[in-house]
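Below are the chains, spelled out letter by letter.
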Amino acid sequence: MATNDYDRVRLGIEAMTAYVSGNDLMAKYMAERRRSDGNLEQVADGATALCALLLRQTSRMTGKSEQEILQEIARGLNRTEQRDQ
């Protein structure tokens, strides 16, 4: 069980590493987590903690607020979806 921010972020890094490594590795990772933990709530919590940390770091590096960064991401996703349709 992830009990502190370090453990939560570490779990998020583990999950995202499996995700960017490809579908097969991610499927195996999720199946193993499901077998060992019985659920995937900790994985979701870890991914959320990692995203929050990256958002804070990006905010510091760019000088933009976290809200501005989230709005830019949302606008970018919207443009990508419209272009793909």
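Let us look at the structure shown here. Here the structure is a predicted model, which is why all the values come from computation and not from measurement.

### Quick word on the overall build of the protein
Within the protein one finds 4 helices and 0 strands. Taken over C-alpha atoms, the radius of gyration comes to 15 Å for the protein, far larger than the 12 Å a tight globule of 85 residues would show. Dimensions of the protein, computed from the C-alpha atoms along their principal axes, are close to 40 × 35 × 20 Å. Within the protein, contacts between residues separated by at least 24 positions form 38% of all contacts whose residues are at least 6 apart in sequence. Each charge class in the protein can be summarised by its mean position, and for the 12 positive and 13 negative side chains these summaries are 3 Å apart.

### Examining the environment of glycine 63
Take glycine 63: it is sitting in the loop between helix 3 (41-62) and helix 4 (66-84). Between the C-alpha atom of glycine 63 and that of arginine 75, which follows or precedes it by 12 residues, the distance is 19 Å.

Cut-offs used in this document
Residues numbered from 1 in each chain as written. Predicted model: local features only at pLDDT ≥ 70, side-chain atom pairs only at ≥ 80, totals over all residues. Heavy atoms only, no water. Helix = DSSP H or I, 4+ residues; strand = E, 2+ residues; numbered from the N terminus. Rg over C-alpha atoms; globule rule 2.2 N^0.38 Å. Contact = heavy atoms within 4.5 Å. Lys, Arg positive; Asp, Glu negative; His and termini not counted. Charge placed at Lys NZ, Arg CZ, Asp CG, Glu CD.

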